[in-house]
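# Report on the structure
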Amino acid sequence: MMLNPQTVSQLRAAIERANRIVITAHHNPDGDALGSTLGLWHTLRNRAKDCTVLLPNGFPNFLAWMPGADSVVRYTHGADVAQRLLNEADIVFCLDFNTFARTEMMATALEQTPALKVLVDHHPLPDSTFGIAFSYPEASSTCELVYELLFALYGAGCVGQDAALCLYTGIMTDTGSFCHACNSARTFQIAGELVATGIRVDKLHSLVFSNFSINRMRMMGHCLLNKLVMLPHKTAYIALSMAEQEQFSYQVGDTEGLVNYPLSIKGVAFSALFVERPDFVKVSLRSRGEFPVNEFSAKHYNGGGHMNAAGGKSYRSFAETLEHFEQQVKELDDLRLLNFKNTY
Ligand code: 5GP
Ligand code: MN
């Protein structure tokens, strides 16, 4: 995508003037959120900028190897430190989310900082609360956008190996290892330019995707064997209770990717994962084809996301959540789902 040159110049000048920069992303940061914040952080630090990555809460273990991950400040580790960082910043980069509410307990502090808020994101329909906005829903990932932005700001070669590792990781995780949301040649060009910095893609992939604990592997087996429910209307879901999470010594990130498995079944075009938490049920939705799960999530789970990948929360009981979902699916008459065909 072509970034607006005037907006890029405006940002370049703001960065030059800024003494302190904070870079943040959404609650429960994933590979794209952590990768984009750290990728930007490495590059701006290399340009002698004082910057800090501030995230609402922690990230899963399979991302902890990323260079710079140790330096991330978490809101959950001290709201006062986070408040000060936000209040003293000249620029706050808001990456991989489109509304302050996605930073959950950090939202008010973020809203109230006098800093210039710069959005870099690929979720549709962003709030208009950002001072400068780079919003491109057609981008594979925020990491791809951060690369484009850095390229536009400082030219080829400004992204070093550490930043490349982080940015490649986010493109890889958000596209399911270059399987979806990446029909643009530019995504592959950018991946190529990142690889050209000398990063080892085989090692990186293995760190993210082949680092399961035995408990996580067995939990996945349990879900596929015992918990996968097939519904009419090309739909399947998995629901995991708190008791089952305990049984498999659940760790943050252990259900990551699980929601994608039902979509590998012939004829299934809509998949859901329900994970019981103490105060709500975490909902993850995926689709293939034209059925917009972000709309389904907004309607039923006060959530959002992309057309083929969305999430939200249910405040019904675990059992009621599943019953309600089954009922909604039964009543679905959405041709975008019903007419799905696995053809080229
Ligand atoms: P996941 O199912 O992996 O948690 O999230 C998939 C996508 O849905 C993410 O890219 C994110 O944009 C979106 N998403 C997940 N949870 C929420 C939520 O609670 N609210 C909103 N608005 N979007 C969410
Ligand atoms: Mn993303």
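Conventions adopted
Residues numbered from 1 in each chain as written. Chains lettered and ligands numbered in written order. Predicted model: local features only at pLDDT ≥ 70, side-chain atom pairs only at ≥ 80, totals over all residues. Heavy atoms only, no water. Near = heavy atom within 4 Å. Polar contact = N/O pair within 3.5 Å; in protein donor to acceptor, adjacent residues only side chain to side chain. Areas by Shrake-Rupley, 256 points an atom, 1.4 Å probe, with all protein chains shown as cover. Helix = DSSP H or I, 4+ residues; strand = E, 2+ residues; numbered from the N terminus. Nonpolar A, V, L, I, M, F, W, Y, C, P; charged D, E, K, R; others polar. Pairing = 2+ DSSP bridges. Contact = heavy atoms within 4.5 Å. Axes fitted to C-alpha atoms, helices over the stretch in contact; angles between N-to-C directions. Donors = N, O, S within 2.8 Å, 3.2 Å for Na, K, Ca; no water. Buried < 20%, exposed > 50% of the residue type's maximum accessible area, 1.4 Å probe, protein only. Domains from an automatic or database assignment. Buried area = accessible area lost by both parts, 1.4 Å probe. Phe/Tyr/Trp six-rings, centres within 6.5 Å; stacked < 30°, edge-to-face > 60°. Lys NZ or Arg CZ within 6 Å of the ring centre and 35° of its normal. Salt bridge = Lys/Arg side-chain N within 4 Å of Asp/Glu carboxyl O.

With that out of the way, let us pick up the site of ligand 1. Around ligand 1 sit 13 residues in total, of which His123, Ser284, Arg286, Ala310 and Gly311 are the nearest. Between ligand 1 and histidine 123 there is a distance of 2.5 Å, counted from an oxygen atom to a side-chain nitrogen or oxygen. Between ligand 1 and glycine 304 there is a distance of 3.2 Å, counted from a nitrogen atom to a backbone nitrogen or oxygen. When the free accessible area of ligand 1 is taken as 490 Å², the share hidden by the protein chains comes to 79%. With 4 residues, the single largest contributor to the shell around ligand 1 is strand E12 (residues 309-314). The residue makeup of the shell around ligand 1, split by class, is 2 nonpolar, 8 polar and 3 charged.

Moving on: the sheet that holds E12. Taken together, the 6 strands give an open sheet; going across it, the order is E7-E8-E9-E10-E12-E11, and neighbouring strands pair in mixed fashion. In this open sheet, the two strands that pair with only one neighbour each are strand E7 (229-231) and strand E11 (304-305). Inspection of the sheet shows strand E9 (residues 270-276) paired to strand E10 (residues 281-287) by 7 bridges, in the antiparallel sense. Residue pairing for E10: glutamate 276 is matched across the bridge by valine 281. Against the sheet, helix H9 (residues 214-227) contacts E7 and strand E8 (235-240), and its axis sits at roughly 130° relative to E8.

Around the manganese ion (ligand 2), the donor atoms from the protein are Asp32 (OD), Asp96 (OD), His122 (NE2) and Asp174 (OD), and they sit 2.2 to 2.4 Å away. Taken in sequence order, the residues that donate to the manganese ion (ligand 2) follow the motif D-x63-D-x25-H-x51-D. Placement of the pair is aspartate 32 in helix H2 (residues 31-46) and aspartate 174 in helix H6 (residues 161-174), with a sequence separation of 142 residues. Side by side, aspartate 32 and aspartate 174 carry an identical accessibility label, which is buried.

Only a minority of non-glycine residues have a phi that is not negative, and only a minority of peptide bonds are not trans. With phi around 60°, serine 177 is a residue other than glycine that occupies positive phi space. With respect to the helices and strands, serine 177 occurs in the loop between H6 and helix H7 (185-195). Taking the relative accessible area as the measure of exposure, serine 177 reaches 27% and is therefore partly exposed. The phi angle at asparagine 302 is positive, at roughly 50°, despite the residue not being glycine. Within the secondary structure, asparagine 302 is located in the loop between helix H11 (293-301) and E11. Residue class for asparagine 302 comes out exposed when judged on its relative accessible area of 72%.

This part covers the domain arrangement of the protein chain. Along its sequence, the protein chain is organised into domain 1 (5-208) and domain 2 (214-338). Just the C-alpha atoms count here: the centres of domain 1 and domain 2 sit 27 Å apart. If you look at the interface, domain 1 gives 6 residues, while domain 2 gives 8 residues. Of the roughly 600 Å² buried between domain 1 and domain 2, counting both surfaces, carbon and sulfur atoms make up 55%.

Further remarks concern the sheet that holds strand E6 (residues 132-135). Spatially, 6 strands are ordered E3-E2-E1-E4-E5-E6 in an open sheet, and the strand pairing comes out parallel. The sheet terminates laterally at strand E3 (73-74) and E6, the two strands that pair on one side only. By the bridge criterion, 2 bridges tie strand E2 (residues 50-55) to E3 in an arrangement that is parallel. Counted as the bridge partner of leucine 54 is valine 73 from E3. Across the sheet, H2 lies against strand E1 (20-25), E2 and strand E4 (91-95), angled at about 170° from E2, the strand it touches most.

Okay, the packing of aromatic side chains next. What the rule picks out here adds up to 16 aromatic pairs. Measuring from centroid to centroid gives 5.5 Å for phenylalanine 178 and phenylalanine 188, while their planes differ by 40°, and the two rings are tilted. With a gap of 10 residues between them, phenylalanine 178 in the loop between H6 and H7 and phenylalanine 188 in helix H7 connect regions that are remote in the sequence. If you follow arginine 74 out to its NZ or CZ, it ends over the ring of phenylalanine 59, 5.4 Å from the centre.

According to the stated counting rule, one finds 7 salt bridges in the structure shown. Here arginine 186 and glutamate 148 are joined by a salt bridge, their closest N and O atoms 2.9 Å apart. Of this pair, arginine 186 sits in helix H7 while glutamate 148 is found in helix H5 (residues 142-154), placing the two residues 38 residues apart along the sequence. Here aspartate 334 and arginine 336 are joined by a salt bridge, their closest N and O atoms 2.9 Å apart. A relative accessible area of 37% places arginine 336 in the partly exposed class.

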